Amino acid sequence: MRKLENKTAIVTGGSRGIGANLCECLAAAGANVVVNYASNKNAADEVVFRIESAGGKAVAVQADVAQSADVTKLFDVAEETFGKVDILVNNAGVVHYKTIQDTTDEEFARLMQVNVNGAFYGMRKASVRLTDGGRVISISSSAARMFLPTYGPYCATKGAIEQLSRSLAKELGHRGITSNIVAPGPTETELFLGNNDEEKIDRMRKMAALGRLGKPEDMGPVVVFLASEDSGWITGQVIPVNGGTA
Ligand code: NDP
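The structure displayed is predicted, hence computed values, not measured ones. Throughout, residues of each chain are indexed from 1 in the direction in which the sequence is written. It should be noted that, the model being predicted, local features are given only for residues of pLDDT at least 70 and side-chain atom pairs only at 80 or more, the latter also being counted only at that level, while totals for whole chains, interfaces and linings use all residues. Calculated side-chain values reflect all of the structure's heavy atoms, with hydrogen atoms and water omitted.

## Some thoughts on the sheet that holds strand β7 (residues 238–241)
Across the sheet, 7 strands lie side by side as β3-β2-β1-β4-β5-β6-β7; this open sheet has parallel pairing. Two strands close off the open sheet at either side, each with one partner strand: β3 (58–62) and β7. Each neighbouring strand pair of the sheet contributes to a mean axis angle of 20°, computed without reference to strand direction. Two strands pair if DSSP finds at least two bridges between them. Strands here are runs of E lasting at least two residues and helices are runs of H or I lasting at least four, both read from the DSSP assignment and numbered beginning at the N terminus. Note: strand β1 (residues 8–11) against strand β4 (residues 85–90), 3 bridges, orientation parallel. The residue of β4 that forms the bridge with Ala9 is Ile87. Orientation is described by lines fitted to C-alpha atoms, with helices fitted over the stretch in contact, and by angles between N-to-C directions that extend from 0 to 180 degrees.

In structure tokens, the structure reads:
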């Protein structure tokens, strides 16, 4: 039997980049997957198509995680379609590379709304609607542990997610639910490649002990492990998945 047979997972931001790969890896391990997207329906439909072509089950659902009601909708659709929710992956996120001085009120508010409020709404719903023995996996960033100029506002959101995740681990532990963080290093997605110049990308590549950028498929097996029973004694932890980036 596959590790996630009969489980249902919600992946926020599942249409592209790391989230798309997580959806496919969770489905390959047997989970039914709710593939969330904000605006890119075609990309989400393609993820669903790839999962179904491989024999899995998935549904694409539009929701802006910055809206509490939209996050509730993800749980509603998951339950209506697959009967229950066992796994929540808080992956949706936006990036922002500006100094604290140059960051506007509007930019900071939007960053917090998507990255922090989104994860918070998901964790709050998971607290009441996840099955016993369930899993919450939230995506932070290795940058949250580094002293990088222009990363302050973005890393503030990741620090908040990490602290929410630790408290959630204590709050839900009595039901066998775990809450962990995966912290990728620089990874080959639109978010990273589309917002940085070649010089910076090369510098980041060289910072990794393994001498390359991460790929979305580097994260999938770790998230499947954290979603499975194999990881049942791990909770409240941050797992860096970054090729030794420091
Ligand atoms: P991408 O930009 O490639 O993909 C972002 C995904 O999030 C898309 O599916 C997008 O949907 C979705 N999304 C964005 N805003 C919202 C929203 N308001 N509501 C719902 N979904 C939304 O990003 P990555 O795959 O690179 O990043 C995924 C996560 O990994 C993020 O949390 C990021 O901070 C983190 N991370 C990434 C690193 C990297 O180097 N790439 C490094 C460390 C952490 P749509 O397709 O509809 O736009």
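## Some remarks on the side chain of Asn196
For Asn196, the position within the fold is in the loop between α6 (190–193) and α7 (198–207). Each residue is placed in one exposure class: buried if its accessible area under a 1.4 Å probe, protein chains only, is under 20% of its type's maximum, exposed if it is over 50%, and partly exposed if it falls in between. Classification of Asn196 by relative accessible area gives buried; the value is 13%. Looking at Asn196, its side chain comes within polar contact range of the side chain of Lys200, at 2.6 Å. Contacts were defined at the residue level, with two residues in contact if any of their heavy atoms lie within 4.5 Å. Those residues in contact with Asn196 that sit more than four places away from it in its chain are Tyr97 and Ile201. Any N or O atom pair separated by 3.5 Å or less is treated as a polar contact, with the protein-specific requirement of one donor-capable and one acceptor-capable atom, and with residues adjacent in sequence counted only for side-chain atom pairs.

## Regarding the site of the ligand
As a structural note, the neighbourhood of the ligand is formed by 33 residues, with Ser15, Arg16, Tyr154, Thr187 and Thr189 the closest of them. A distance of 2.6 Å separates an oxygen atom of the ligand from a polar atom in the side chain of Ser15. Within the backbone of Thr187, an N or O atom sits 2.7 Å from an oxygen atom of the ligand. Of all the elements in the fold, those that place two or more residues in the shell around the ligand are α1 (17–28), β2 (32–37), α4 (105–129), α5 (152–172) and α6. Looking at which element gives the most residues to the shell around the ligand, the answer is α6, with 3 residues. Here the residues of the shell around the ligand are counted per class, giving 14 nonpolar, 14 polar and 5 charged. Proximity criterion: a residue is near a molecule or strand once any of its heavy atoms comes within 4 Å of it. Any residue that is not Ala, Val, Leu, Ile, Met, Phe, Trp, Tyr, Cys, Pro, Asp, Glu, Lys or Arg is counted as polar, Gly included; the first ten are nonpolar and the last four charged.

## Quick look at the nonpolar core
Side chains of nonpolar character tend, in soluble globular proteins, to be buried together. By size, the foremost hydrophobic cluster in this structure holds 30 residues, and its most contacted members are Leu4, Leu22, Leu26, Val33 and Val35. When residues of this core are traced back to their parent elements, those giving at least two are β1, α1, β2, α2 (41–53), β4, β5 (130–139) and α8 (216–227). Top contributing element to this core by residue count: α1, with 6 residues. Beyond its immediate chain neighbours, meaning those up to four positions away, Val35 contacts Val11, Gly14, Ser15, Cys23, Ala44, Val47, Val48, Ile51, Ala58, Val59, Ala60 and Val61. For our purposes a nonpolar core is just a set of buried Ala, Val, Leu, Ile, Met, Phe, Trp, Tyr and Cys residues, chained together by side-chain atoms within 4.5 Å. In terms of nonpolar packing, the next biggest core, distinct from the first, is built from 23 residues, Ile10, Ala78, Val85 and Val114 among them.

These figures come from the coordinates and say nothing about function on their own.
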